[in-house]
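Structural characterization, general
Residues per chain, in single letters:
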Number of protein chains: 6
Amino acid sequence: MKIAVSRKEHFNAAHRLFNTSWSNEKNDAVFGKCNNPNYHGHNYELIVTLIGEIDPETGYVFDMKLLSDLIKEHILSHFDHKNLNLDVIYFKELNPTAENIAMVIWRILRQQIDEKFELKIKLYETERNFVEYPAH
Amino acid sequence: MKIAVSRKEHFNAAHRLFNTSWSNEKNDAVFGKCNNPNYHGHNYELIVTLIGEIDPETGYVFDMKLLSDLIKEHILSHFDHKNLNLDVIYFKELNPTAENIAMVIWRILRQQIDEKFELKIKLYETERNFVEYPAH
Amino acid sequence: MKIAVSRKEHFNAAHRLFNTSWSNEKNDAVFGKCNNPNYHGHNYELIVTLIGEIDPETGYVFDMKLLSDLIKEHILSHFDHKNLNLDVIYFKELNPTAENIAMVIWRILRQQIDEKFELKIKLYETERNFVEYPAH
Amino acid sequence: MKIAVSRKEHFNAAHRLFNTSWSNEKNDAVFGKCNNPNYHGHNYELIVTLIGEIDPETGYVFDMKLLSDLIKEHILSHFDHKNLNLDVIYFKELNPTAENIAMVIWRILRQQIDEKFELKIKLYETERNFVEYPAH
Amino acid sequence: MKIAVSRKEHFNAAHRLFNTSWSNEKNDAVFGKCNNPNYHGHNYELIVTLIGEIDPETGYVFDMKLLSDLIKEHILSHFDHKNLNLDVIYFKELNPTAENIAMVIWRILRQQIDEKFELKIKLYETERNFVEYPAH
Amino acid sequence: MKIAVSRKEHFNAAHRLFNTSWSNEKNDAVFGKCNNPNYHGHNYELIVTLIGEIDPETGYVFDMKLLSDLIKEHILSHFDHKNLNLDVIYFKELNPTAENIAMVIWRILRQQIDEKFELKIKLYETERNFVEYPAH
C-alpha cells in the first residue's frame, strides 16, 4: 500500500475575478464583489501531497524540506505578495479562481516531481472555501 | 481530471442519542451520557463538497455563493438552533448520530445539486469526532 | 513579575436563552432563535487561567494535571452532556448566556483555588463568540 | 468585576504598504515585497471586544447579533473585497498597516458603541502577524 | 454507500531520525537537524478512520468512545511522553519518520479492528507536515 | 493609547521535567510521565508581543520581519530541534517547564528589544497548556 505525505505552505496575493470577453454587467452579475476592478486579496493556504512508496533507507516518501524548497522556488517566489492578474503570467488570460490557481500550481509542480509520485493540490482561498485537484 | 470544491458552514443544535425500541437500561449502556433525556448539544461544522469539471467561461466548478445559499435554505434553516430529535422531521424515527445526520444532509442536498456533480458531506460533531459520507 | 498559566477543556451542552418573567413575545424579540423552547446546543471551549509566582522547586505556577482534575471534578462533571437550564442548579433562575456561564464557573473554581492565585475564565460559545471574566 | 464579550468577523482585502513622501528606493528598503505597486492581499480576521457589566435582565453585556450587525454595517461593507488604498477613504493618506487598520476600525466603532463600554480591537493580518488596540 | 468515522487523539514524544548503517556525515547530510543525537520532539496529532456500514440499531459505524479507548490502550500508552527510538520497540531498527510511525500505528490497530472495517491513519508531525496511510 | 504587535513562531524540542536535588521517587510523584529519563517532546508555539507607539512615518510599531529575524537568531537557532535539558545552556540547572522556558525567552529577547517597547511572551506547550509572561 502507498502512503501520502503532505506539506503546507502559504502565500498572500491580490486578485480580481472576471471574464475579459464579457460586459461589465455580466461580470458583475456572475462575480459580484469579487469583480472589484481595484482588486481584493487573500491569505492562500496551499497543501501539496505526494503519494508513493516509503524509501526503506530513509523512511521517507519524499524529504519534506526538499518539497518545501521546491514549492518556494517554483510557486511562492512567483505568487507571494503578488497581484495574480497582473504579475503572474499564467493568469493573463485565465481567471484566477481557486480552481484555476490549483490547476496551474499542479501543472507547474508536476514538471518538478518525479512521475513515480502521484501529485495532489489542496488550496484554501478562505477558511470556508477550498478546492482539491485532482478530486480523486 | 475532475476538481473538488468545498464550502464550510456550521449550525448549533441540541440532540439526544437513543433507540426508541430499547429499554432505558440498554440505551444507557450503549449511549452513556449521550442519552441524557434532557438533551445536550454541539456546534456542528459542515463541509459540502462538489466534484466536477471547471466551467471554462467562469473558472468555477460551482459558485460558492450559490452553494452557501443552497446549504442555508435547505439545511441550516431547518437544523440551526434546533433540537434535532424534536424539531427536525428526519429524526423523528432516526437516531441523530453524526453518521445519520451526514446521510440525511446528503440526501437533502442530492435533490438540489445537478447529477453531473458528485456530492460529499463531511460533518464535525466535535473537533475530535467527525464523519464523511460517502466514504470514497 | 507574575506569570499566567492556562488550561483548555471543553464540554458539550444544550441550553435555551429566556427571561422567565417576560412574555414569549418579548423573549422572542430579545433572544430570537436562541429562545427555541426545545433547546439548542454548543461545544463550549473553556480556558482557565491562574496567575501567580513560579515555584522555584518545581518550575510550576500550578500543576496543569491538578488544574485539569479540578475542572473535571467541579465543572465538567456537572456541565458536560447536560441541559444547562434543566440539569445545572445554578441556571434554575439565571439565564445561561455565555456571560453568566463564565461567571458561574469563576465562582465555583474560586472556592477550589488558593487565594494567592488570581483566577480568570475565558469561554468560547462558538468560534466567533466568546467572553472573559473578569475582563482585566 | 466587569466582563469582556467578543465577536469575530473577517474581511478579504488588497493593500500596498508605502509612504507617499518617500522615494521608491526608500519604500522598497523599508516595506520590501509589501510595497508591490500592483498590490497583494489578506484574509483579515477581526475581533471586536466590549467590556462592561452584565445586564441582569438579559444576562448579556451586549447582544452579539447587534454587535455583528454594527461591524457589518460600519466596517465590513466598506472594507470587504476592497482595495484598502484605493477604495477606503481613511487610507488615502494613511499607510494601511495592520496597526493603522486596527486604529481606524477602533475610531469608527467607538462612535457607534455607548461610552459605558470599553472597546478593543484585535486584527490578524495573517495567522502569524496580529495587532491589538489599545494594548491595555 | 459506506461512511467514514474518525477519531482524533494526540501524543507528545521525542525522536531522532537516522539510519544506523550510515556514517554520521551521511546521516547529517540526509536528516539535518532532525539527526540531533540528543533528540528533539513533537506534539503528534493522530486521526484514526474506520470505513463501514451504519448499524441500523445504533446509528453508529463504530462507537467513538470504544475507538478512543482502543487507541489509548494500544497506541497512546506506548507512545505518549516517550522517546520513540529508545522506548518503543517497533523503532529499535526502524527510523521513526512520520511515514513509519503511521505505518506502525496502522499495523497495531489493524489487529484490534474487525476486518469488516477499512482502516486509515492520518498523522500530523507538525501543523505543516503530515502523512496518510494508506494513501487511497 | 499604545498598540500591541505580535509575531508567532514555533520550535520543536525534547525535554524532561525533574528536580536534580530530589529523589527519583519524588520526581515521579510530582512530574509523572513528564519525568521520562529518555525525554519526550513538543511542538512549541511562541508568540512575541511588543507594545509601543505607531511610528507615523511607517505605520509600524515594529517591523514584523525584523522581529521574526530577531526571534530566529536569538531563540529558534538555540531551541529548535534541540533537547532543552542537554543542548540549551539556560536549562542546565533550571527545569524546562513552560513557565521557565517563557521566562528565559523573555530575558533573552529583553536584551535585544529597545526598552521603549514593553515585551510579552506567550508559549503554547500543547494546544491545551500555555503560559504568558509577564501576566499583566
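Look a little higher up for the structure.
Note that the coordinates shown come from a computational prediction; the quantities given were computed from them, not determined experimentally.

Contact with chain A, which involves 20 residues of that partner, is made by 20 residues of chain D. Summing the contributions of chain A and of chain D, the shared interface buries around 1700 Å²; its carbon and sulfur component is 46%. Its largest share of buried area at the contact with chain D, chain A owes to N38, N43 and H81 of chain A, together 34% of the area lost on that side. One can count two salt bridges joining chain A with chain D. We note a salt bridge from D80 of chain D to K33 of chain A, for which the minimum N-O separation is 2.8 Å. Applying the counting rule to chain A against chain D returns 19 residue pairs in polar contact (both at pLDDT 80 or more). Among the elements of the structure, strand 1 (3-15), strand 2 (40-52), strand 3 (82-83) and helix 3 (84-87) of chain A are those that each provide at least two residues to the side of chain A that touches chain D. Here the side of chain A that touches chain D is built from residues that sort into five nonpolar, 10 polar and five charged.

Attention now goes to the interface of chain C and chain D. Every contact between the two is made by 21 residues of chain C and, on the other side, 22 residues of chain D. Both sides of the chain C and chain D interface together cover about 1900 Å² of buried area, and 53% of this is carbon and sulfur. Interface area lost by chain C to chain D is led by E99, R128 and F130 of chain C, which between them contribute 33%. Inspection of the region where chain C meets chain D yields one salt bridge. Across the salt bridge formed by K8 of chain D and E127 of chain C, the nearest N and O atoms sit 3.5 Å from each other. At the junction of chain C with chain D, the criterion picks out 11 residue pairs in polar contact (both at pLDDT 80 or more). Looking at the side of chain C that touches chain D, the elements that each hand over two or more residues are helix 1 (24-31), helix 4 (98-110) and strand 5 (129-133) of chain C. No other element matches strand 5 of chain C, which puts five residues into the side of chain C that touches chain D. Grouping the constituent residues of the side of chain C that touches chain D by class yields 11 nonpolar, six polar and four charged.

On inspection of all chains with the given rule, the structure shows 48 aromatic pairs over all chains. On the numbers, 6.2 Å between centres and 90 degrees between planes, the contact of F79 of chain E with F91 of chain E is edge-to-face. Taken together, the residues span a long stretch of sequence, with F79 of chain E in helix 2 (residues 64-79) and F91 of chain E in the loop between helix 3 (84-87) and helix 4 (98-110) at a distance of 12 residues. Of the two residues, F79 of chain E and F91 of chain E, neither departs from the other in class, the shared state being buried. The ring of F18 of chain A is capped by R16 of chain A, whose NZ or CZ atom sits 3.8 Å from the centre of that ring. One Lys or Arg, K26 of chain E, reaches over the ring of W22 of chain E and ends 4.3 Å from the middle of that ring.

On to the relation of the copies chain A and chain D, then. In screw terms, the move from chain A to chain D is a rotation of 180 degrees and a rise of 0.0 Å along the axis, fitting with an RMSD of 0.0 Å. Such a turn and shift between the copies fits a two-fold axis. The fraction of interface residues of chain A whose copies in chain D are also interface residues reaches 100%, indicating that both copies meet through the same surface.

Here is what the cut-offs are and how they apply
Residues numbered from 1 in each chain as written. Chains lettered and ligands numbered in written order. Predicted model: local features only at pLDDT ≥ 70, side-chain atom pairs only at ≥ 80, totals over all residues. Heavy atoms only, no water. Contact = heavy atoms within 4.5 Å. Buried area = accessible area lost by both parts, 1.4 Å probe. Salt bridge = Lys/Arg side-chain N within 4 Å of Asp/Glu carboxyl O. Polar contact = N/O pair within 3.5 Å; in protein donor to acceptor, adjacent residues only side chain to side chain. Helix = DSSP H or I, 4+ residues; strand = E, 2+ residues; numbered from the N terminus. Nonpolar A, V, L, I, M, F, W, Y, C, P; charged D, E, K, R; others polar. Phe/Tyr/Trp six-rings, centres within 6.5 Å; stacked < 30°, edge-to-face > 60°. Buried < 20%, exposed > 50% of the residue type's maximum accessible area, 1.4 Å probe, protein only. Lys NZ or Arg CZ within 6 Å of the ring centre and 35° of its normal. Least-squares fit on C-alpha atoms with pLDDT ≥ 70 in both.

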